[in-house]
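In case you want the letters, here they are:
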Amino acid sequence: MINAILVFNNHGKPRLVRFYQHLAEEVQQQIVREVFHLVLKRDDHICNFLECGSLFGGSDYKLIYRHYATLYFVFCVDSSESELGILDLIQVFVETLDKCFENVCELDLIFHMDKVHHILQEMVIGGMVLETNMNEIVAQVEAQSKLEKAEGGLSAAPSRAVSAVKNINLPEIPRNINIGDINIKVPNLSQFM
Amino acid sequence: MPAVSKGDGMRGLAVFISDIRNCKSKEAEIKRINKELANIRSKFKGDKALDGYSKKKYVCKLLFIFLLGHDIDFGHMEAVNLLSSNRYTEKQIGYLFISVLVNSNSELIRLINNAIKNDLASRNPTFMGLALHCIANVGSREMAEAFAGEIPKILVAGDTMDSVKQSAALCLLRLYRTSPDLVPMGDWTSRVVHLLNDQHLGVVTAATSLITTLAQKNPEEFKTSVSLAVSRLSRIVTSASTDLQDYTYYFVPAPWLSVKLLRLLQCYPPPEDPAVRGRLTECLETILNKAQEPPKSKKVQHSNAKNAVLFEAISLIIHHDSEPNLLVRACNQLGQFLQHRETNLRYLALESMCTLASSEFSHEAVKTHIETVINALKTERDVSVRQRAVDLLYAMCDRSNAQQIVAEMLNYLETADYSIREEIVLKVAILAEKYAVDYTWYVDTILNLIRIAGDYVSEEVWYRVIQIVINRDDVQGYAAKTVFEALQAPACHENLVKVGGYILGEFGNLIAGDPRSSPLIQFNLLHSKFHLCSVPTRALLLSTYIKFVNLFPEIKTTIQDVLRSDSQLKNADVELQQRAVEYLRLSTIASTDILATVLEEMPPFPERESSILAKLKKKKGPGTVTDLEEIKKERSSDMNGSAEPASVNASAVSTPSPSADLLGLGAAPLTNSAPPPSSSGSLLVDVFSDSASAVAPLAPGSDDNFARFVCKNNGVLFENQLLQIGLKSEFRQNLGRMFIFYGNKTSTQFLTFTPTVICSDDLQSSLNLQTKPVDPTVDGGAQVQQVVNIECVSDFMEAPILNIQFRYGGTFQNLSVKLPITLNKFFQPTEMSSQDFFQRWKQLSNPKQEVQNIFKAKHPMDAEITKAKIIGFGSALLEEVDPNPANFVGAGIIHTKTTQIGCLLRLEPNLQAQMYRLTLRTSKEAVSQRLCELLSEQF
């Protein structure tokens, strides 16, 4: 089972925090901080797995993480999950984000937190993997967007809500996330299932 | 087109986020957030009804604030309102808020459940999906109560959409994990198994996860899944990668599903049906073969996916542990990975090999990789990988390579990361003991261990070395000589002083012949360390000195001078002072014969499981110390343990000779804090013993507590510094149920925690008790519960005994308390008129039916309290029955399985004399007797 999914940037600012185990808020914050410190001091080219001691109250848990440019994606899992499988799952998650946001960057995660949650929701629910087929995930997200659009068109949503981000004067826009060697232009990108 | 268009965000939200990001300081950020929280609060509270859009915007802001680590204590109600919106976007954000910020507020849970119920019934797959995701994410007990019956129906219904089926399967899995008792097994289970054949691989994946978890608890029920899983796996593995289209990930067909299927198969032994078994073997061989093929892609994702399946296949092969051919191939494959350039693969290979080492078929094959593993220990840059290498060395160790492995581990210890030192110390100590052919090697190893990593050598380790030296005549002289030499070092670790002090105190005479280690030199050497040591060590050294008085009469006066010095006799520490005074006195007045008897050499310790092993298990969690031999050894030592300990315990407790504990390590803080009543005089024996399957005598104060429970059902039965035992019980007619709560008050795990309810032979025939075993480990601060089902067959006198045994730190704890199951618990109160009462009273006039007791009041004579006690006792309190209003009368029926016994009671207080007269009349003499006894104790 996946106990938590954490995404934070190189400075430890959380960008996505999702716990699948009931923990008090202070404990959640504490875990995010400690995980960040554990992961930060590791070189980029060593093992992607590490034991996290009693962080989750048992010795059975591992952190499996990947580092993409400015962001760390960390999954905390118990021994019932395959380490390499989770590593691929992280990749699928990032590739999916990339597809949904077109060249995803840290800012997308900040300003579209709800969307990111919805995308994640199509992959993992209650700490269990729901879908690993990227086409399927993207199709679900697209269906959602369509529904939103349809409702948006009918609703009296104020027009000022439209196109918000781009016009705002933003300081220091982070670089795009480099998602390694995947090629997004390739149609019918293979999925992990 | 991107699936998420960036333009349609919420401007207010974006502005807020930008503001936060522009904040120059933490204070500014907090200020901005507080302003926003105030704004949102006022908007939510305001008179103006908010439209869905605004609600959504504010909820999003709250989520963002929560992400930044701030407490969100409102907005839940607004989120719940969004759930019942008909608009998808609003509903969606409502569900998101609920599942991120779950609140166990029961009022809200009911509302949330209501909304979920509506969405589940809506037959709109999108809404159903949202509702199911929410249940899976929250997974609370209330939700399980509401939906555990409903979800299996959705899961197996023919017309359910695939995506909903997927969600339903995982939803059910989550509920089963949180509240297994609420998920009913039934017809649906067989239909779930058939989902393994589903067209849609997403459904198969979700179903496999569900079945795996269910099968672990109900293997029989899901047995048919084995053949289905094998055939599914076979179709995936043998297909060309293009066959599965969408389900192929970087040229690997459905790796995630393959992994899950292989996990499912690990819930079962190898299939019995030869056809299925053959097909599975074929699959596993194919997977192993594919590993040797050249990669179809250079991308790391390709090799990851391929190896994920491979490692899982190897796990299954190890789990089955039945095909030598496959095991050896697996081992060779892992051997290749040990040298792979990918750190991840080296890590996983070390980890898998660890389990492989415990298989008898492949143990030898694993051993051939010893050099690679040792090399990994020396060269790996990553501590996680080095840790795995240590684990593997430990697992592959046997008599043939123990010396090499122990030496390498000792080497590594000098530079090892602090985080894993203690564990390595334990492992070295265990291996050295287990594979010692030559005990001089063992002694050297442990002393080295103390020299290199003294701070990480726990008490268990040095207790153990002493135990072994005491038990083995052949090593005692060598040990004395070695510790003597080791103590010569200018700076030596305190643990070495302890071991040295103990061993020289026992066996210093064996080396006293050598003028370089004459008695006086030995004494001076030890005493030179005395002032640098902590109190417990000094206490131990004082005991060594008195042992020296016996061993070496020639230095008696020197020792007496030391004991007599002010720094000893007037030491601020009570323990040290007492030892000095007593030892000085002992050495002065006792004759040589008496001294020799009192200070006799310690008797050998009974052989039993090493306390170090227990410690390692505690550290790593049960089940992680896997070694076949170890398990066998443990079993046999368990048998040893139960065969002999009674005598050990008896000798330790009853022997008046203080020799058993003179050198007692009594000052060790751990053992002192626990008051096991049976063994307070023999701490040393206790430290080393798993002993005492013998039931401890009743804990002090247990009787008082017992009496308190006669008139009440709930409360704390027993408490000391380690353990609290609470009770809750209910009784109806002749049946009852008692919940016993064991609370670990310490921060350390209790191990082998075994509570047992014991009934004497007499009691067994009249009282039926059924208990379920509890988990043998109780975490620090945790509470475990045990249920006792009670049936009263016939009336009874005694109470059952609750005996609790466990290990805390290195010490064995054993205590017993009376369990307050008393005859009066099966009382059913009976109301009756004055006339009826006296009529019955007269009917029970046979002298054997009446029991009377006149006794002095132990508590203030308060009428209200007395009334409460009589009611608590179980009988009805009959008002206006007795002509004297100061008297109390009661009536009731005792229910047993065989009979019912009517009981009448009368209590007459005499305030002046502070006395009571209690009269019981029942149809059975023994019952009158017992009830009278029980009730007399209450006033």
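One can find the structure itself at the top, above this paragraph.
Here the structure is a predicted model, which is why all the values come from computation and not from measurement.

Cut-off values and rules
Residues numbered from 1 in each chain as written. Chains lettered and ligands numbered in written order. Predicted model: local features only at pLDDT ≥ 70, side-chain atom pairs only at ≥ 80, totals over all residues. Heavy atoms only, no water. Helix = DSSP H or I, 4+ residues; strand = E, 2+ residues; numbered from the N terminus. Buried < 20%, exposed > 50% of the residue type's maximum accessible area, 1.4 Å probe, protein only. Contact = heavy atoms within 4.5 Å. Areas by Shrake-Rupley, 256 points an atom, 1.4 Å probe, with all protein chains shown as cover. Core = buried A, V, L, I, M, F, W, Y, C linked by side-chain atoms within 4.5 Å. Pairing = 2+ DSSP bridges. Axes fitted to C-alpha atoms, helices over the stretch in contact; angles between N-to-C directions. Arc of directions from axis to C-beta. Polar contact = N/O pair within 3.5 Å; in protein donor to acceptor, adjacent residues only side chain to side chain. Parallel < 35°, antiparallel > 145°, perpendicular 65-115°, else oblique. Left-handed = near helix turned anticlockwise from the far one by under 90°. Buried area = accessible area lost by both parts, 1.4 Å probe. Salt bridge = Lys/Arg side-chain N within 4 Å of Asp/Glu carboxyl O. Expected span 1.5 Å × (residues − 1). Phe/Tyr/Trp six-rings, centres within 6.5 Å; stacked < 30°, edge-to-face > 60°.

> Requested: an account of the overall build of chain B, with residues and values cited.
When helices and strands are counted, chain B shows 43 helices and 16 strands. Out of the 939 residues in chain B, the part that is buried amounts to 57%. The contacts of chain B with a sequence gap of at least 6 include a subset with a gap of at least 24, amounting to 69%. If you sum the accessible surface of chain B, you get close to 39500 Å²; carbon and sulfur atoms cover 51% of it.

> Describe the nonpolar core, listing the residues and the values that go with them.
In terms of nonpolar packing, the biggest core is built from 299 residues, with A:Ile2, A:Leu6 and B:Ile116 touching the most fellow members. Top contributing element to this core by residue count: helix 2 (residues 83–101) of chain A, with 11 residues. Residues contacting A:Leu6, with those up to four places away along its chain left out, are A:Leu16, A:Val17, A:Phe19, A:Val32, A:Val35, A:Tyr72, A:Phe73, A:Val74 and A:Cys76. In this structure, B:Tyr808, B:Ile821, B:Met861 and B:Tyr916 belong to the second largest nonpolar core, which totals 59 residues.

> Which residues make up the sheet that holds strand 8 (residues 783–792) of chain B, and what are the values?
Sheet strands pair via backbone hydrogen bonds, and the direction of the pair is either parallel or antiparallel. All names here are of chain B. Pairing is antiparallel in the open sheet, where five strands are placed in the order 3-4-5-8-7. Looking at strand neighbours, the two that pair on one side only are strand 3 (715–719) and strand 7 (767–771), the edges of this open sheet. Recorded for the sheet is a direction-independent mean angle of 25 degrees between the axes of neighbouring strands.

> Can you explain helix 42 (residues 863–873) of chain B? Please cite residues and give values.
Residues and elements named next belong to chain B. Of the residues making up helix 42, those classed as buried are Thr-866, Ile-870 and Phe-873. Seen end-on, helix 42 carries its buried residues on one side only, within an arc spanning 60 degrees. Summarising the geometry of helix 42, the exposed residues directed more than 90 degrees from the buried face are Glu-864 and Ile-871. Put simply, Asp-862 is the residue that caps the front of helix 42, since its side-chain oxygen is 2.8 Å from the backbone nitrogen of Glu-864. Residue Gly-874 follows helix 42 closely and has a positive phi angle near 120 degrees.

> So what about the environment of B:Asp473? Which residues, and what values?
Residues and elements named next belong to chain B. Assignment of secondary structure puts Asp-473 in helix 26 (residues 473–487). A residue is classified by how much of its surface remains accessible, and Asp-473, at 63% relative accessible area, is exposed. Taking the C-alpha atoms as reference, Asp-473 lies 9.8 Å from Pro-604; in sequence the two are 131 residues apart.

> Outline the pairing of strand 1 (residues 2–9) of chain A, listing residues and values.
Residues and elements named next belong to chain A. For strand 1, a buried count of eight out of eight residues is recorded, marking the element as mostly surrounded by other parts of the structure. Pairing of strand 1 with strand 5 (residues 71–77) involves seven bridges; the strand directions are antiparallel. Residue pairing in the sheet places Ala-4 in a bridge with Cys-76 of strand 5. Relative to strand 2 (residues 14–19), strand 1 runs antiparallel, the two being bridged by five bridges. Bridge assignment links Ala-4 to a residue of strand 2, and that residue is Phe-19.

> Can you tell me about the packing of helix 3 (residues 52–67) of chain B against helix 5 (residues 88–100) of chain B, naming the residues and giving the values?
Residue and element names in this part refer to chain B. Running from amino to carboxyl end, helix 3 crosses helix 5 at an angle of 25 degrees, the nearest separation of the two axes being 10 Å. With respect to helix 5, the axis of helix 3 lies roughly parallel. Handedness of the helix 3/helix 5 crossing: left-handed. Contacts between helix 3 and helix 5 involve Gly-52, Tyr-53, Lys-56, Val-59, Cys-60, Leu-62, Leu-63 and Phe-66 from the former and Thr-89, Glu-90, Ile-93, Leu-96, Phe-97 and Val-100 from the latter.

> Can you explain the interface of chain A and chain B? Please cite residues and give values.
Tallying the contact residues gives 96 residues for chain A and 91 residues for chain B. Of the roughly 8000 Å² buried between chain A and chain B on both sides combined, carbon and sulfur atoms contribute 54%. At the junction of chain A and chain B, the tally comes to six salt bridges. Ionic pairing is found between A:Arg42 and B:Asp382, a salt bridge with its closest N-O pair at 2.6 Å.

> Tell me about the pattern of salt bridges, and please be specific about residues and values.
A full pass over the atoms with the stated rule returns 45 salt bridges over all chains. The partner of B:Glu364 in a salt bridge is B:Lys367, and the shortest N-O contact between them spans 3.4 Å. Here B:Glu364 and its partner B:Lys367 are both found in helix 19 (residues 363–367), three residues apart, which amounts to about one turn of the helix. Taken together, the salt bridges that share partners define one network made up of A:Glu51, B:Arg388, B:Asp391, B:Glu423 and B:Lys427.

> A description of helix 28 (residues 519–530) of chain B should follow, citing residues and the corresponding values.
All names here are of chain B. With 12 residues, helix 28 ought to run about 16 Å at 1.5 Å a step, and its terminal C-alpha atoms sit 17 Å apart, in line with that. Residues of helix 28 that are buried include every one of Pro-519, Gln-522, Phe-523, Leu-525, Leu-526, His-527, Lys-529 and Phe-530, and no others. Each element contacted by the buried residues of helix 28 is listed here: helix 26, helix 27 (494–507), helix 29 (535–551), helix 30 (556–564) and helix 31 (566–569).

> I'd like a description of the packing of aromatic side chains, backed by residues and values.
Residues and elements named next belong to chain B. Inspection of every chain in the model, using the stated rule, returns 28 aromatic pairs over all chains. On the basis of an interplanar angle of 70 degrees and a centroid distance of 6.2 Å, the ring pair of Phe-44 and Phe-74 is categorised as edge-to-face. With Phe-44 in helix 2 (residues 26–45) and Phe-74 in the loop between helix 3 and helix 4 (76–83), the pair connects residues that are 30 residues apart, well separated along the chain. Comparing Phe-44 with Phe-74, the two get one shared label, buried. Seen in terms of ring centroids, Phe-837 and Trp-841 are 5.7 Å apart; in terms of plane orientation they differ by 25 degrees. Their pairing is stacked. With Phe-837 and Trp-841 both in helix 41 (residues 834–843), this residue pair falls four residues apart, about one helical turn. The class for Phe-837 is buried, based on a relative accessible area of 0%. Exposure remark for Trp-841: the relative accessible area of 10% places this residue in the buried category. Linked through ring pairs, Tyr-742, Phe-750, Phe-753, Phe-806 and Tyr-808 together constitute an aromatic cluster.

> Explain the side chain of B:Asp198 residue by residue, including any values.
All names here are of chain B. Among the secondary structure elements, Asp-198 is positioned in the loop between helix 11 (188–194) and helix 12 (201–217). A polar contact of 2.9 Å, which involves the side chain of Asp-198, links it to the backbone nitrogen of His-200. Those residues within four positions of Asp-198 in sequence are excluded, and the remaining contacts are Asp-162, Lys-165, Val-203, Val-204 and Arg-232.

> Quick one: what's the story with unusual backbone geometry, residue by residue and with numbers?
The backbone phi angle of A:Glu102 is positive, close to 55 degrees, even though this residue is not glycine. Here A:Glu102 is to be found in the loop between helix 2 and helix 3 (106–111). For A:Glu102, a relative accessible area of 47% translates into the label partly exposed. Of note, the phi angle at B:Asp321 is positive, near 45 degrees, even though the residue is not glycine. Within the secondary structure, B:Asp321 is located in the loop between helix 16 (300–320) and helix 17 (324–338). Overall, B:Asp321 belongs to the partly exposed group, its relative accessible area being 26%.

> Lay out the sheet that holds strand 4 (residues 62–68) of chain A with the relevant residues and their values.
Taken in spatial order, the five strands make up an open sheet running 2-1-5-4-3 (chain A), and their pairing is antiparallel. Whereas interior strands pair on both sides, the edge strands pair on one side only; in this sheet they are strand 2 and strand 3 (49–51) of chain A. On average, adjacent strands in this sheet sit at an angle of 20 degrees to one another, irrespective of strand direction. Across the sheet, helix 18 (residues 343–356) of chain B lies against strand 3 and strand 4 of chain A, angled at about 50 degrees from strand 3 of chain A, the strand it touches most.

> Describe the pairing of strand 14 (residues 888–895) of chain B, listing the residues and the values that go with them.
All names here are of chain B. With seven of eight residues buried, strand 14 is to be regarded as a mostly interior element. Across three bridges, strand 11 (residues 827–829) lies against strand 14 in antiparallel orientation. Paired with Phe-827 across the bridge in strand 14 is Ile-894. Here strand 13 (residues 876–878) runs beside strand 14; their pairing, made up of three bridges, is antiparallel. Bridge pairing in strand 14 places Ala-876 opposite Ala-891. Pairing between strand 14 and strand 15 (residues 900–910): eight bridges, direction antiparallel.

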